[in-house]
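Examination of the molecular architecture
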Amino acid sequence: MSTEMQNEAEIFRGTTEGETRFRNAKSVRGTPKAGMPAFVLGEELAEMAHSDPRIIVATADLASANRTNDFKAVHPDRFFDFGIAEKNMITAAAGMASCGMVPYVATFASFSAILGAEQIRTDCAYPRQKVRIVGTHSGMSMGFYGTSHHALEDLGMLRCMADLTVICATDANHLRAILRKSVDHPGAMYIRLGRGRDPEVYAEVPELEIGRAIRLREGKDLTIIATGSQVRAALDTAETLAADGIETRVVDMHTISPLDRAEIEAAATETAAILTVEEHNVTGGLGTAVAEVLVDLPRVPFKRHGVPDRYVEVGPPAALYAHYKLDAPGVTAVAREFLETTR
Amino acid sequence: MSDRSNVSRAVLEDRAKFIRTETVRLTKIAGAGHYSSTFSCAEILSALYYSQMRIEPAKPDWDNRDRFVMSKGHAAIGLYPVLADLGYFDPEELETYTRLGSKYGDHPDMKKVRGLDFSSGSLGHGLSVGVGMALAGRATGRDFRTYVMLGDGEISEGQIWEAVISAGHFKLGNLVILLDRNGLCIDGHTEEIMSIEPVHERFASFGWDVQRVDGHDFDAIQGAFANLPREATGRPQAIVFDTIKGRGVKRMEMSLDWHVGNLVGEDYDDVMAELEAGLQPYEPEPAE
């Protein structure tokens, strides 16, 4: 057995550091620095709802998976479980919003963004209702549950809907910032979360402006524009490349729509190359959105990195991230290869 | 608005006629319109807006007003004239109906139409909207009712039954389905295309109280309204209105040819004259 195969076998047995941490995830639930977005969803909304009577939370038979049951425990009269009926839930939330409420409806991204796409467009975005559709367990974070439970198309599907804000949470503190900003944000929002096991990027709740990217690291040789789960991998990649004298700018492009054009233009004019990294089909998501901005600008070396345009293999999440080069070593390898082509 | 429960039968009949004639007139502006789906619910709309709903047109955002969701959004052409007539907006605005930049399209947009409680057009969504409104009303201690008008073909949509289940589960006694049971969808009779009977039993089996009445008889319509409970929590309410698609224009009654149409020339004048004469007894075509 080669070393590489051994490593892969270990990943599949769940013996890597990451998998061990994931398995113990519940033990750190609720601690401020756990770095687990989905798991703070319910508690943060419950906290906000103490002072804001407009907030309502609903889910579709996944209250424990997305921790909206933490909200239910505090505000049972403002929590509704719609059972396995996502379309009804999303549209009903629009009805609530039309009566002045601010409903947060949470379920797997595969069943909110993808199954409920028409309800999001027709009932939330088009009538400009303040519904917050929270897509948890996005990307391929459901691992071996398979394609039915993956959402690698949601950004592409939703970012072409007008009057819909599309935003990705990077970690727990970032999610807190998004939720706090979201209450008074006009119109409908899609908030994309990972599985609640994403490593920490923000040690404290960051200053957040919806639609304005956060520049996390300066550099001139390369800009990595990442979103959601890939921001940590981008930062780790920058650290590794720095040892080789490559200075990398890292941008957390949390808001996919409306996109921060100015930040992309800055990267194109101030740095030598741009790499986008996302846990999403490489077609249609962040990379495509950035490309749409770049075509109007003077040429700059550019590469999109994400999941190839096919349905992904079955496997534990960490194994999938390694396989598709969407962990720190993978992104580093992709970045090095890309920079080679620009020389 | 003050108590309107004593609005005379003659007024309601006149407003139903007004809904039909305006539908014909506005369709001429558009060049195509949904006549027959609007004619089948003209009496229901008239009774609802002129005698039943708790509304104040001067305050369209009043948070305790009754809500109405026209889930069969293609009948909006019959709703716009009612809203204008009640004073939500200047009736002159309807002269722009469906023309470039108009606020008034074939399917209604709540961002543009004053007095419209929700947008519609994609069938199967409206009852879920109503579920959300009813939940919000109850959660905030407001006692408004939410009425949702469904088409009979529309209830083939699965989302309707998600909403029906949830309203029963949440005990939304403040939610009312108005089913326009006009018998026809676009491709044929509902019972041939996708059967829904016994529809009243179906609603009842999900925990709804169901009444079934003649949807062209004001006494029956208002009688059904009078039976609605005032409590916000309890069995949700469905009224199945047996109606005739295209009612009021002989050539359109139970015809598959007039779901969308455009009357021109003498046909337009003949139909307007027929409508002005008032409803005549319905005589089904003899079976061939």
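No experiment lies behind these values; they were computed from the predicted model shown.

Here the focus is the overall build of chain B. The helix and strand tally for chain B stands at 10 helices and 5 strands. For chain B, whose C-alpha radius of gyration is 18 Å, the value lies close to the compact-globule estimate of 19 Å for 288 residues. Expressed as a percentage of the 288 residues in chain B, the buried residues total 49%. If you take every contact in chain B between residues at least 6 apart in sequence, the share linking residues at least 24 apart comes to 77%.

Quick look at the sheet that holds strand E4 (residues 132-136) of chain A now. All names here are of chain A. The strand order across the open sheet formed by 7 strands is E2-E1-E3-E4-E6-E5-E10, and the pairing between neighbours is mixed. Across the chains shown, the open sheet's two edge strands, defined by having one partner strand only, are strand E2 (79-81) and strand E10 (255-257). Adjacent strand axes in the sheet meet at a mean angle of 20 degrees, parallel and antiparallel pairs treated alike. Pairing analysis gives 5 bridges linking strand E3 (residues 102-108) to E4, with the strands arranged parallel. What sits directly across from Val105, in E4, is Ile133. On top of the sheet, helix H5 (residues 86-98) reaches strand E1 (55-59), E3 and E4; it is set at about 165 degrees to E3, its chief contact.

Our next topic: the interface of chain A and chain B. With 25 residues of chain A at the contact, the number on the chain B side is 22 residues. Taken together, the elements giving at least two residues each to the side of chain A that touches chain B come down to H5 and helix H7 (117-125) of chain A. Class assignment of the residues belonging to the side of chain A that touches chain B gives a composition of 12 nonpolar, 7 polar and 6 charged.

Residue and element names in this part refer to chain A. The 5 strands lie next to each other as E7-E9-E8-E11-E12, forming an open sheet whose pairing is mixed. Looking at strand neighbours, the two that pair on one side only are strand E7 (214-217) and strand E12 (302-307), the edges of this open sheet. Direction aside, the axes of adjacent strands within the sheet are offset by 25 degrees on average. In the sheet, strand E8 (residues 222-226) pairs with strand E11 (residues 274-281) via 4 bridges, with the strands oriented parallel. By the bridge assignment for E11, Ile225 is matched with Thr276.

Another aspect to go through is H5(A). All names here are of chain A. Along its 13 residues, H5 runs 19 Å from first to last C-alpha, staying within 8% of the 18 Å computed at 1.5 Å per residue. The element H5 is largely enclosed, with a buried count of 13 among its 13 residues. With its phi angle positive at about 95 degrees, Gly100 sits one or two positions after the end of H5.

Below, the discussion takes up unusual backbone geometry. The linkage connecting A:Ser257 with the following residue, A:Pro258, adopts the cis geometry, with an omega of 0 degrees. Even without being glycine, B:Lys171 reaches a positive phi, approximately 55 degrees. The backbone of B:Met254 sits at a positive phi, close to 55 degrees, despite the residue not being glycine. In this structure, B:Met254 sits in the loop between strand E5 (237-242) and helix H10 (265-276).

Residues and elements named next belong to chain A. Segmenting chain A into domains produces domain 1 (31-192) and domain 2 (214-342). Tallying the contact residues gives 22 residues for domain 1 and 26 residues for domain 2. Only helix H8 (154-159) and strand E5 (164-168) provide two or more residues apiece to the side of domain 1 that touches domain 2. Looking at the side of domain 1 that touches domain 2, the element that brings in the most residues is E5, giving 5 residues. Grouping the amino acids of the side of domain 1 that touches domain 2 by side-chain chemistry returns 9 nonpolar, 10 polar and 3 charged.

Basis of the calculations
- Residues numbered from 1 in each chain as written.
- Chains lettered and ligands numbered in written order.
- Predicted model: local features only at pLDDT ≥ 70, side-chain atom pairs only at ≥ 80, totals over all residues.
- Helix = DSSP H or I, 4+ residues; strand = E, 2+ residues; numbered from the N terminus.
- Rg over C-alpha atoms; globule rule 2.2 N^0.38 Å.
- Buried ≥ 20, exposed ≤ 12 C-beta atoms within 10 Å, placed from the backbone.
- Contact = placed C-beta atoms within 7 Å.
- Pairing = 2+ DSSP bridges.
- Axes fitted to C-alpha atoms, helices over the stretch in contact; angles between N-to-C directions.
- Nonpolar A, V, L, I, M, F, W, Y, C, P; charged D, E, K, R; others polar.
- Expected span 1.5 Å × (residues − 1).
- Domains from an automatic or database assignment.

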